[in-house]
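Chain residues, written in single-letter form:
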Amino acid sequence: MRVISFGRASSNDVVVNDPMVSSNFHMKLIVTDDNRFKVVDCNSTNGTFVNGRKVPGEVYINRGDIIRIGNTMVPWETYVGSVDAPTHTNGGNTQVAPSESNPLALAGFICSFFVPVVGVVLSAIGLSKANKSVSKKGKGFAVAGLAISIVFLVFTFIYCIVLGVALSY
């Protein structure tokens, strides 16, 4: 059995630089002797989540499951590698940065109501950033901002055509 600890303190196997992660042990990832994977929440303040659901103590997981602690998506499969390989550590611990936020997606969504051209641009950039990230953070806002902006621009274009025809009479 192998145990990999996650938390902010340097005593962890994987140090997670996220203020929402417990400073001591936040969670442990266990590779059992029969090569199964188990996540154990170490009574963390903000919880451990697997596929968006809070872990009630411990839960078995499968490859492809998504673990989040604090604001950080944990690339847990890189630490277990193949079940025969040793765990990944760099001189005692590995650093993991928190997931990035995507303010352009939200800005694009908000701008889509007031300045749709700017909304299209910001939403497109936010969508591109969301598609490149592991967490896909902001993708919903970006898609909604694009849709609202495009609809607004189309209706504005049609309105201008109708108004132009009406004024020509």
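These numbers come from a predicted model, not from an experiment.

A. Just the packing of helix α2 (residues 103–114) against helix α4 (residues 139–168), in detail. Relative to each other, α2 and α4 sit at 25°, their axes nearing to 8 Å. Relative to α4, the element α2 is oriented roughly parallel. Both α2 and α4 take part in a crossing whose hand is left-handed. Where α2 approaches α4, its residues Ala-105, Leu-106, Gly-108, Phe-109, Ser-112 and Phe-113 are matched on the opposing element by Phe-141, Ala-142, Ala-144, Gly-145, Ile-148, Ser-149 and Phe-152. In terms of residue class, the contact of α2 with α4 is built from nine nonpolar, four polar and no charged.

B. Fine view of the sheet that holds strand β6 (residues 53–54). The antiparallel open sheet is built from four strands, whose spatial order is β6-β5-β8-β9. Two strands close off the open sheet at either side, each with one partner strand: β6 and β9 (72–74). Where strand β8 (residues 67–69) meets β9, three bridges bridge the pair, whose relative direction is antiparallel. Its bridge partner lying in β9, Ile-69 is registered against Thr-72.

C. Region of interest: the pattern of salt bridges. Scanning all chains against the criterion turns up two salt bridges. Glu-58 serves as the salt-bridge partner of Lys-38, at 3.2 Å between the closest nitrogen and oxygen. On the criterion of sequence distance, the pair formed by Lys-38 in strand β4 (residues 37–41) and Glu-58 in strand β7 (residues 58–61) is long-range, its members being 20 residues apart. For Lys-38, a relative accessible area of 14% gives the class buried. With relative accessibility at 44%, the residue Glu-58 sits in the partly exposed group. Here Arg-63 makes a salt bridge to Glu-77, at a shortest N to O gap of 3.4 Å. Residue Arg-63 is found in the loop between β7 and β8, and its partner Glu-77 is found in helix α1 (residues 77–80); the two are separated by 14 residues along the sequence. Take Glu-77: its relative accessible area is 29%, and that puts it in the partly exposed class.

D. Examining the nonpolar core more closely. Membership of the largest hydrophobic core comes to 19 residues, with the highest contact counts inside it found for Phe-6 and Leu-29. Looking at this core, the elements that each hand over two or more residues are β1 (2–7), β2 (14–16), β3 (27–31), β4, β8 and α1. The element that contributes the greatest number of residues to this core is β3, accounting for three residues. Those residues in contact with Phe-6 that lie beyond four places of it in its chain are Asn-12, Val-14, Val-16, Asn-24, Phe-25, His-26, Met-27, Leu-29, Ile-69, Val-74 and Tyr-79.

E. Highlighting unusual backbone geometry. The backbone of Asn-43 sits at a positive phi, close to 55°, despite the residue not being glycine. Looking at the secondary structure, you find Asn-43 in the loop between β4 and β5 (48–50). Here Asn-43 falls in the exposed class, since its relative accessible area comes to 75%. Even without being a glycine, Asn-51 presents a positive backbone phi close to 55°.

What counts and how
Residues numbered from 1 in each chain as written. Predicted model: local features only at pLDDT ≥ 70, side-chain atom pairs only at ≥ 80, totals over all residues. Heavy atoms only, no water. Axes fitted to C-alpha atoms, helices over the stretch in contact; angles between N-to-C directions. Helix = DSSP H or I, 4+ residues; strand = E, 2+ residues; numbered from the N terminus. Parallel < 35°, antiparallel > 145°, perpendicular 65-115°, else oblique. Left-handed = near helix turned anticlockwise from the far one by under 90°. Contact = heavy atoms within 4.5 Å. Nonpolar A, V, L, I, M, F, W, Y, C, P; charged D, E, K, R; others polar. Pairing = 2+ DSSP bridges. Salt bridge = Lys/Arg side-chain N within 4 Å of Asp/Glu carboxyl O. Buried < 20%, exposed > 50% of the residue type's maximum accessible area, 1.4 Å probe, protein only. Core = buried A, V, L, I, M, F, W, Y, C linked by side-chain atoms within 4.5 Å.

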